[in-house]
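Descriptive structure summary
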Amino acid sequence: MLRGEDEDASELKIGEDFLKAKCLMNSEVAILLEHRYDQMKQMSGDSTPLPQVFEKSLQYVKCFSRFTNQGSVKQVREVLSRYQLAEFELAVIGNLCPETVEEAKAIVPSLKTKGRGHDDEAVERLLNDLLMIKKFE
């Protein structure tokens, strides 16, 4: 594990535990929480209030989800996975949906790392793929 001063997300030095972690986009979390919400409502009936933290979490991810259709969310993960992004890069791009290459590289500085295959043309293709999914959602 890296110590704090050795960590640098722009160079993908984020610690071994974090590199292995599965990061979810807000849209994926929203789907999971909505499913759990339905289960909880069925089990308890409509009269039992849900925990406030659960409701607030669900509101948050629904508010900040860029994709709402379950098929689109799955497609976004599949498309972004093709670009060999680290999990946290995938989640950041899927959550924020940058519109330009410059914006993408500003919010995910590790895309600038040489030798990773993320030249401006590859990032532009990635962004266009996301835009197409969003258009047809």
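The sections below set out a description of the structure shown in this document. Quick caveat, the model's predicted, so the values are computed rather than measured.

The interhelical angle for the contact between helix H2 (residues 26–44) and helix H3 (residues 52–64), taken along N-to-C directions, is 140°, at an axis separation of 8 Å. By the angle class used here, H2 and H3 are oblique. Crossing hand, H2 versus H3: left-handed. In this structure, H2 contributes Asn26, Val29, Ala30, Leu33, Glu34, Arg36, Tyr37 and Met40 to the contact, and H3 contributes Phe54, Ser57, Leu58, Tyr60, Val61, Lys62 and Phe64. By residue class, the composition of the contact of H2 with H3 is 10 nonpolar, 2 polar and 3 charged.

Moving on, we get to the pattern of salt bridges. A side chain with one charge may pair with a side chain of the opposite charge, provided their charged atoms come close. Evaluation of the coordinates by the stated rule reveals 5 salt bridges. As a salt-bridge pair, glutamate 34 and lysine 62 come within 3.6 Å of each other at their nearest N and O atoms. With glutamate 34 in helix H2 and lysine 62 in helix H3, this pair connects stretches of sequence that are 28 residues apart. Lysine 62 sits in the partly exposed class, given a relative accessible area of 44%. Lysine 105 is the partner of aspartate 120 in a salt bridge, and the nearest nitrogen-oxygen pair spans 2.5 Å. With aspartate 120 in helix H7 (residues 120–135) and lysine 105 in helix H6 (residues 101–107), the pair connects residues that are 15 residues apart, well separated along the chain. In the salt-bridge network here, residues are joined through shared partners; they are Glu28, Arg77 and Glu87.

What follows deals with the packing of aromatic side chains. Applying the stated criterion to the full structure yields 1 aromatic pair. Geometrically, the ring pair formed by tyrosine 60 and phenylalanine 64 is tilted, given 4.8 Å between the ring centres and 45° between the ring planes. Placement of both tyrosine 60 and phenylalanine 64 in helix H3 is noted, with a separation of 4 residues, approximately one turn of the helix. The partly exposed category is assigned to tyrosine 60, whose relative accessible area is 48%. Residue placement shows lysine 134 over the ring face of phenylalanine 67; its charged tip is 5.4 Å from the ring centre.

What follows covers the state of the cysteines. Scanning the model with the defined rule gives 0 disulfides in all. With no disulfide of its own, cysteine 63 has cysteine 97 as its nearest cysteine by sulfur position, at a separation of 14 Å. Assessed through its relative accessible area of 18%, cysteine 97 is described here as buried.

All right, on to the environment of serine 110 then. Here serine 110 lies in the loop between H6 and H7. Here the alpha-carbon distance between serine 110 and glutamate 11, two residues 99 residues apart in the chain, equals 5.2 Å.

In terms of nonpolar packing, the biggest core is built from 20 residues, with Leu80, Leu85, Ile93 and Leu126 touching the most fellow members. For this core, the secondary-structure elements that each account for two or more residues are helix H4 (70–81), helix H5 (87–96), H6 and H7. It is H7 that provides the largest number of residues to this core, a total of 5 residues. Contacts of leucine 80, omitting those with residues within four sequence positions, involve Leu85, Leu90, Ile93, Gly94, Leu126 and Leu130. If you look at the next biggest cluster of nonpolar residues, it comprises 7 residues, including Ala30, Leu33, Leu50 and Leu58.

Rules of the game
- Residues numbered from 1 in each chain as written.
- Predicted model: local features only at pLDDT ≥ 70, side-chain atom pairs only at ≥ 80, totals over all residues.
- Heavy atoms only, no water.
- Axes fitted to C-alpha atoms, helices over the stretch in contact; angles between N-to-C directions.
- Helix = DSSP H or I, 4+ residues; strand = E, 2+ residues; numbered from the N terminus.
- Parallel < 35°, antiparallel > 145°, perpendicular 65-115°, else oblique.
- Left-handed = near helix turned anticlockwise from the far one by under 90°.
- Contact = heavy atoms within 4.5 Å.
- Nonpolar A, V, L, I, M, F, W, Y, C, P; charged D, E, K, R; others polar.
- Salt bridge = Lys/Arg side-chain N within 4 Å of Asp/Glu carboxyl O.
- Buried < 20%, exposed > 50% of the residue type's maximum accessible area, 1.4 Å probe, protein only.
- Phe/Tyr/Trp six-rings, centres within 6.5 Å; stacked < 30°, edge-to-face > 60°.
- Lys NZ or Arg CZ within 6 Å of the ring centre and 35° of its normal.
- Disulfide = S-S within 2.5 Å.
- Core = buried A, V, L, I, M, F, W, Y, C linked by side-chain atoms within 4.5 Å.

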